[in-house]
Amino acid sequence: MNRTGFVYDERYLLHLTGGYHPESPERLKAIYKRLEDSGVLEKLTRIEAVKANQRWIEAVHKIHYIMRFDEACISGLNEFEHPDNGICRDSYDTAFLAVGGVLKAIDAVMKGEVDNVFCAVRPPGHHAEVDKPMGFCYFNNVAIGARYLQKEYGIKRVGIIDFDVHHGNGTQHIFDCDPTVFYYSIHEHPSFAYPGTGREFEAGLAEGEGYTVNSPVLPGRGDDEYKRLIMQDLVPAFKKFNPEFILLSAGFDAHESDMMSGTNLSTEGYDFISEVIMNLVKRCTGGRVVSVLEGGYNLDIMPLLVENHIRFLADLK
Amino acid sequence: MFVSERMAKNLITAGPDMTIFEAKTIMAEKGFRHLPIVDSAGKLIGIVSDRDIRAAMPSTLMKKADYEITLATIMNFPVGDIMTKNPLTIYAYYTIQDSLLMMQKKKVGALPVIDQEGYLKGLLSVRDLLRSFVSVLNIDEPGCLLCIVVNAKEKTGQMKKIVDIITEEKIAMGSVLVARAWDNNKRAIFPYLLTNNIINVKKKLIENGFELIDPMQWYLDHQQPQ
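Note that the structure is predicted; figures quoted are calculated from it, not measured.

**Some points on the sheet that holds strand β5 (residues 110-114) of chain B**
Residues and elements named next belong to chain B. Strand order across the open sheet formed by three strands is β4-β5-β6, with mixed pairing between neighbours. Bordering the open sheet on either side are β4 (90-91) and β6 (120-125), each of which pairs with just one other strand. Of the strand pairs in this sheet, β4 and β5 are connected by two bridges, and their pairing is parallel. Residue pairing in the sheet places Tyr-91 in a bridge with Ile-114 of β5. Sitting on the sheet, helix α5 (residues 96-106) is in contact with β4, β5 and β6, with an inclination near 135 degrees to β5.

Here it is as structure tokens:
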């Protein structure tokens, strides 16, 4: 069994997105309850989240963008630059706390206190661009984590695996030209699904060319296609890149029961992803991985998928 | 959707006396495939494409020495000798639709834009058209595509209902494509929604009796038997 950390904070529930918004506090409540009921929670090492130091957020986002977000929340606006991005007065602080949770998770792994961590944080992050909120995301938690690993711990090669059903446009664009961060994403095909990027020909720019790989999945396709693409696109690329640390953008919205998407990944299909990732982690990083929650909106099934994913992290499967 | 908004305006042009060598160099450096030829007053008299230039080149199957001598001679000819004279032209007030149909029917890759007196005002290429369609479809904006089948014969006003539902959810539409001849009496409507938040709109459409189709099912159903 691995020592697996768990980042969660009740203050993550304070970020309210407005009635009927799928990215709701209920998501985290449901995850917490499931982990508690299943007995998995007591096997995890709780990691307290603290608000991130702003300088780490500035390592990815423009200062003026951070200020605009602050102002939008202070002024009591109910959305930030697009109706998708519902906010309340507490959203700014909660977003700082989400980033801070990821950074604390990285600290815990790097200091050897735990082997790996799952971060049940919100708001999510992978759509957030340097200067723009998108798709329920404000600060790019995983991208900030990658920069933190490099600057604070001198990690040279960070691998990011994004299995949310949507393409992580923000993360890709942030590291487009960067050969030290490898971004892999598997997601529903951009002609059908948000945000409309992540085609195969998007493969990094300039020095970063070859350090981005996208695997689009057509709607209606499920486990077989995921398995084929992961074995063909992800595994060889990561073996070659050989990251020293792996960050996961863990989205659970590709499931057949999630109305956010048209892909048909099964519960077992998610197990396959977690298993392959843990094998890569063992081989490349000596076990170091931090998994960060992104999407997943079916409250009846997503908590189970999270539990199963954590079981793979903790070697409880 | 007028040509004036989409045409290239800062053009590089040539006189008919420019050598083929100079024209070839300019086009290669700037990555242009078409070079409008104007007289000293700026009136359009022709157009040279990279194809015209390639057609004027000596065969690469010639012996090297012969090839180089021929090439040197050809390079000194004026472009006026190889240009298409009196090319098809359009006016800035033509629509993108006019240009699309013209390029498709006449099989040309670019249309010079002139004014009533024949002065060159711009150039509209296939690439400009592609860019304008990306923009019209709004697919460079983040969003997702809904695939809805409606029974057009039984009921009218289906499109209104769909638009109403999308509007009630306060979602902006990037574009809407309609396939009029779907199956028997059925039409397919593809609204491109500028949002990530599609669960509620999908639920409402289903509640209102619309059929959401799995696009891959449609793809498989329409495959020709091998």
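**Some remarks on the pattern of salt bridges**
Residues and elements named next belong to chain A. Throughout the structure, instances matching the rule amount to 23 salt bridges over all chains. Here Glu-23 makes a salt bridge to Arg-122, at a shortest N to O gap of 2.8 Å. Highlighted residues: Glu-23 in the loop between β1 (4-7) and α1 (26-37) and Arg-122 in the loop between β3 (116-119) and α5 (141-153), separated in sequence by 99 residues. Taking relative accessible area as the criterion, Glu-23 reaches 0% and is therefore assigned buried. Taken together, the salt bridges that share partners define one network made up of Glu-23, Arg-27 and Arg-122.

**Some words on the side chain of Asp-176 of chain A**
Residues and elements named next belong to chain A. Secondary-structure assignment places Asp-176 in the loop between α6 (169-174) and β5 (181-188). Nearest to the buried, unbridged Asp-176 among oppositely charged side chains is Arg-147, at 11 Å. In contact with Asp-176, not counting residues within four places along its chain, are Gly-204, Leu-205, Gly-208 and Thr-212.

**Observations regarding the sheet that holds strand β8 (residues 289-293) of chain A**
All names here are of chain A. With respect to topology, eight strands assemble into an open sheet ordered β2-β1-β3-β8-β7-β4-β5-β6, the strand pairing being parallel. A strand with exactly one partner marks an edge of an open sheet, and here the two such strands are β2 (45-47) and β6 (212-217). On average, each strand axis in the sheet is tilted by 15 degrees relative to the strand beside it, whichever way the strands run. Direction of pairing for β1 relative to β2: parallel, over a ladder of three bridges. Bridge pairing links Gly-5 to Thr-45 in β2.

**Considerations on helix α7 (residues 158-168) of chain B**
Residue and element names in this part refer to chain B. Among all positions in α7, only Gln-158, Ile-162, Ile-165 and Ile-166 are buried. One side of α7 holds all its buried residues, which, seen down the axis, span an arc of 95 degrees. More than 90 degrees from the buried face of α7, the exposed residues found are Lys-160 and Thr-167. Residues of α7 that are buried sit in contact with β8 (148-151), β9 (173-179), β10 (186-193) and α8 (199-207).

**Structural notes on the nonpolar core**
Buried together is how nonpolar side chains tend to be arranged in soluble globular proteins. Ranked by internal contacts, the top residues of the largest apolar core, which has 99 residues, are Phe-118, Phe-139, Leu-247, Phe-252 and Val-290 of chain A. For this core, the element with the most residues is helix α4 (residues 91-110) of chain A, which contributes 12 residues. One finds Tyr-194 of chain A together with Cys-144, Ile-166 and Ile-198 of chain B within the second-largest nonpolar core, a separate group that totals 20 residues.

**Some thoughts on the packing of aromatic side chains**
Where two aromatic rings form a pair, the distance of their centres and the angle of their planes describe that pair. Residue and element names in this part refer to chain A. Following the criterion strictly, the structure yields 25 aromatic pairs over all chains and no others. Taken together, a centroid distance of 5.5 Å and an interplanar angle of 80 degrees make the contact between Phe-96 and Phe-139 edge-to-face. Remark: Phe-139 occurs in the loop between β3 and α5 and Phe-96 occurs in helix α4; sequence separation between them is 43 residues. Ring geometry for Phe-182 against Phe-241: centres 5.3 Å apart, planes inclined by 55 degrees, an arrangement best described as tilted. Of this pair, Phe-182 sits in strand β5 while Phe-241 sits in helix α7 (residues 223-241), placing them 59 residues apart in sequence. Both residues of the pair, Phe-182 and Phe-241, belong to the buried class. Among the aromatic residues, those joined into a cluster by ring pairs are Tyr-65, Phe-69, Phe-80, Tyr-92, Phe-96, Tyr-138 and Phe-139. Against the face of Phe-96 rests Lys-51, its NZ or CZ located 5.7 Å from the ring centre. Lys-227 extends its terminal NZ or CZ atom over the ring of Phe-272, reaching a point 5.3 Å from the ring centre.

**Considerations on the packing of α4 of chain A against α5 of chain A**
All names here are of chain A. Contact geometry for α4 and α5: axes closest at 9 Å, N-to-C directions at 40 degrees. As judged from the angle between their axes, α4 and α5 are oblique. In this structure, the crossing between α4 and α5 has a hand that is right-handed. Counted together, Ala-98, Val-99, Val-102, Leu-103, Ile-106, Asp-107 and Met-110 of α4 and Asn-141, Ile-144, Gly-145, Tyr-148, Leu-149 and Tyr-153 of α5 form the full contact between these two elements. Residue classes in the contact of α4 with α5 are distributed as 10 nonpolar, two polar and one charged.

**Side note on the pairing of strand β4 (residues 158-162) of chain A**
All names here are of chain A. Where burial is concerned, most of β4 is hidden: five out of the five residues are buried. Side chains of β4 alternate between two faces, with Val-158, Ile-160 and Asp-162 and Gly-159 and Ile-161 buried alike. Summarising the sheet, β4 and β5 pair through five bridges and their orientation is parallel. Paired with Ile-160 across the strands is Tyr-183, a residue of β5. After leaving β4, the chain enters α6 and then returns to the sheet as β5, a path that is right-handed. Of the pairings in the sheet, the one linking β4 to strand β7 (residues 245-250) comprises five bridges and is parallel in character.

**Quick notes on the domain arrangement of chain B**
In terms of domains, chain B is made up of domain 1 (3-135) and domain 2 (144-221). In this structure, domain 1 of chain B and domain 2 of chain B have C-alpha centres spaced 43 Å apart.

Conventions and cut-offs
Residues numbered from 1 in each chain as written. Chains lettered and ligands numbered in written order. Predicted model: local features only at pLDDT ≥ 70, side-chain atom pairs only at ≥ 80, totals over all residues. Heavy atoms only, no water. Pairing = 2+ DSSP bridges. Helix = DSSP H or I, 4+ residues; strand = E, 2+ residues; numbered from the N terminus. Contact = heavy atoms within 4.5 Å. Axes fitted to C-alpha atoms, helices over the stretch in contact; angles between N-to-C directions. Salt bridge = Lys/Arg side-chain N within 4 Å of Asp/Glu carboxyl O. Buried < 20%, exposed > 50% of the residue type's maximum accessible area, 1.4 Å probe, protein only. Lys, Arg positive; Asp, Glu negative; His and termini not counted. Arc of directions from axis to C-beta. Core = buried A, V, L, I, M, F, W, Y, C linked by side-chain atoms within 4.5 Å. Phe/Tyr/Trp six-rings, centres within 6.5 Å; stacked < 30°, edge-to-face > 60°. Lys NZ or Arg CZ within 6 Å of the ring centre and 35° of its normal. Parallel < 35°, antiparallel > 145°, perpendicular 65-115°, else oblique. Left-handed = near helix turned anticlockwise from the far one by under 90°. Nonpolar A, V, L, I, M, F, W, Y, C, P; charged D, E, K, R; others polar. Right-handed = clockwise from strand over helix to strand, strands pointing away. Domains from an automatic or database assignment.

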